[in-house]
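Analysis of the macromolecular model
One letter stands for each residue in the lines below.
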Amino acid sequence: MIDFIQTIVSGIAAGSSYALMGLAMVLIYKTSEVPNFAQGELALAASFFAYMIMESFGLSFFLALPCALSFAFLLGCFLEFLVLRRAKTPNILSMIVITIGLEMILLGLVSWKFGADQKTMPFPISPYDSMAIGNIFISTLELVTVFVVLAIMAALYLLLRFSKMGLAMKATQQNTMAARLMGIRANRVLNLTWGLSSVVGAIAGLLIAPTLMHPYMMWDPLLKGFAAAVMGGMTSLPGAVSGAFLLGIIENIFGTYISIEFKAVVAFAIIVIILCIKPSGLFARHYVKKV
Amino acid sequence: MLNIKNIETYYDLICAVRGVSLRVEAKSITAILGNNGAGKSTLLKTIMGLIEDQPDKGTIEFCGEAIDRKDTEEIVRRGISFVPEGREVFEELTVRENLLAGAFIRKNRNRIDGDINTVYTYFPILGKRRNQWAGTLSGGEQQMLAIGRALMSRPKLMLLDEPSLGLSPVLVKEIFSIIKTIHADGVTIILVEQNAKMALSLADTGYIMENGRFVLAGTSAELMDDENVQEFYLGVRSDTSSKGYQRWKRKKVWR
Ligand SMILES: Nc1ncnc2c1ncn2[C@@H]1O[C@H](COP(=O)(O)OP(=O)(O)O)[C@@H](O)[C@H]1O
Ligand SMILES: [Mg+2]
């Protein structure tokens, strides 16, 4: 029994970095209806930026953190402004191709500047510290990550539910023309959303970097975060987070009790099954448009 | 208040508005009538800056300042609001959130709350449905919401595109009586309609649009007395000639 609970706890811990990537993708998808495959590499760039200013300029982590997040924000806004807005008469397919192209460019830049070898990100919490709650062990870093995920989810929820900016985001997503007729500067809303989403992704990157830091570090979290977001219906913040935790748990149970080799694949098998049974995602609120 | 001079609007190569001029005085109601595809919606969208890089020719002045080719967001801030054809409410926002979105350009929360309550007194049904998603409202309720939402920015000029479309006669009456109230509160109104009778009964002046042009203009009384308007827009049939003959004659008279 203890083993089983331990497996679940580790699953949730693993799921929390997927959750951050999922949240970031949902944010963009909600306003632009694009699954942003450059999300992972935006986070990668921000993480290596933090690494660079800490290594080269000797900044402390707590100084580097706001710098890296600002960098992520600007990079997100910049990409939206420079590339995606230029896409005239955008259709989903071409937008996806554009985000994949951006992803490759960012990946190439990071590999070229920093090399492909494993780095060590200075971080205030050692990835080897762990805590025991009864007989259950969880690494301190993972515990922090879980709390960060929940805090960010709550903050985003409050933003969307109660702030004027949140209302503008939802209005723009649902009906851009009508939003503009309300005086909402739809382009600016889109731009800010990309910045915000890039920040959320960068937080994921910064929390992953202490254990794993090389140019491909965001691949797995990105794909699984995307999978989690799809499970959650692609537009629901709590849906993406629950999907991510669920994915982490299932993956871990499968890895512990059935087969460790196929652990990475099981996530995608589940997505395929879920999408076959319930294409709108597990947690999507159903809304049928009146004709 | 609004002064449009000789504008032309193109969709790629299709010219949908061909040299329209229009003067709207403050506190008036202007009706624009015409059949499907005449270019009425295109005219309103051009005023609102919703068609990119249009008008191709001509100028639009609002309160003495040029607004043609400005951003929609900017035009709304100058005091024009638009109730688009087909309502275009935010379907997955509640009625209240829709109204709040309508007040996006305003700051004072107390006054905004006051105005939301005013909308609820205009349309009591919206008050009852305040926490319901707009997409779950009936067509008539959505139209009321679209009008209420357009009021929330406290516009000087309000453009309405076929507010009676698809509504039952009772609802049409209700909508028109609210438009009257809004006008009495000091809002200038441009009303695009296919329901000519109702529109002319409300308006001071009217224009008839065909193929992107105004083909007839006059006070409401003049238009209601016009033989062709009676036959083709008010449904009063003359019994001397066949329809085909009248059609031909009408073209002859108006071009
Ligand atoms: N988005 C568009 N692209 C191309 N042509 C359009 C578009 N919208 C309208 N049109 C054309 O412009 C003309 C005027 O349309 P519209 O302004 O909607 O007329 P109305 O509102 O009077 O029914 C029609 O011939 C229509 O086919
Ligand atoms: Mg129309």
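Please refer to the structure higher up on the page.
**Looking at the overall build of chain B**
What chain B contains, in helices and strands, is 11 helices and 10 strands. The globule rule puts the C-alpha radius of gyration for 255 residues at 18 Å, and the 19 Å found for chain B is close to it. Taken along the three principal axes of its C-alpha coordinates, chain B extends 60 × 40 × 30 Å. A burial count over chain B gives 55% of its 255 residues as buried. Long-range contacts, defined here as pairs at least 24 residues apart, represent 65% of the contacts in chain B between residues at least 6 apart. Accessible area of chain B: about 11500 Å², with a carbon and sulfur share of 47%. Computed over 35 positive and 33 negative side-chain charges, the separation of the two mean positions in chain B equals 2 Å.

**Considering the pattern of salt bridges**
Residues and elements named next belong to chain B. For the coordinates displayed, the defined rule picks out 12 salt bridges over all chains. Note that Arg 23 and Glu 25 form a salt bridge whose closest N and O atoms lie 3.4 Å from each other. Classification of Arg 23 by relative accessible area gives exposed; the value is 52%. According to the relative accessible area criterion, Glu 25 is partly exposed, its value standing at 44%. Salt-bridge contacts for Asp 115 lead to Arg 154; the nearest nitrogen and oxygen are separated by 2.8 Å. Of this pair, Asp 115 sits in helix 4 (residues 109–122) while Arg 154 sits in the loop between helix 6 (139–151) and strand 7 (157–161); the two residues are 39 residues apart in sequence, bridging distant segments of the chain.

**Topic: the sheet that holds strand 10 (residues 213–219) of chain B**
Residue and element names in this part refer to chain B. Here we have six strands laid out as an open sheet, ordered 6-7-8-3-9-10, and mixed in their pairing. At either end of the open sheet lies a strand with only one pairing partner, and these are strand 6 (80–83) and strand 10. Adjacent strand axes in the sheet meet at a mean angle of 15°, parallel and antiparallel pairs treated alike. Against the sheet, helix 1 (residues 40–47) contacts strand 3 (29–33), strand 6, strand 7, strand 8 (188–193), strand 9 (205–210) and strand 10, and its axis sits at roughly 150° relative to strand 7. The strands touched by helix 6 are strand 6 and strand 7; relative to strand 6, the strand with the most contacts, the crossing angle is about 175°.

What counts and how
- Every chain is numbered independently, its residues counted from 1 as its sequence is written.
- Whichever chain is written first becomes A and whichever ligand is written first becomes 1, with later ones labelled in order.
- The model is predicted, so local features are restricted to residues of pLDDT at least 70 and side-chain atom pairs to those at 80 or more, both for listing and for counting; the totals for chains, interfaces and linings are taken over all residues.
- For side-chain calculations, the full set of non-hydrogen atoms in the structure is used, while hydrogens and water are omitted.
- In this description a helix means any DSSP run of H or I spanning at least four residues, a strand means any run of E spanning at least two, and both kinds are numbered starting from the N terminus.
- For the radius of gyration, the atoms used are the C-alpha atoms, and the globule rule reads 2.2 Å times the number of residues raised to 0.38.
- For every residue, the accessible area (1.4 Å probe, protein chains only) is compared with the maximum for its type, and the residue is labelled buried under 20%, exposed over 50%, or partly exposed between those bounds.
- By definition in these notes, contact holds between two residues if any of their heavy atoms fall within 4.5 Å.
- With residues, only the protein chains shown are counted as cover, and all accessible areas are computed by Shrake-Rupley using a 1.4 Å probe.
- Only four residue types enter the tally: Lys and Arg on the positive side, Asp and Glu on the negative side; His and the chain ends are excluded.
- A charge is said to be at NZ when it belongs to Lys, at CZ for Arg, at CG for Asp and at CD for Glu.
- By definition here, a salt bridge exists when the distance from a side-chain nitrogen of Lys or Arg to a carboxyl oxygen of Asp or Glu is within 4 Å.
- DSSP-based pairing: two strands are paired if at least 2 bridges between them are found.
- Helix axes are fitted only over the stretch in contact, all axes being lines through C-alpha atoms; the angle between N-to-C directions runs from 0 to 180 degrees.

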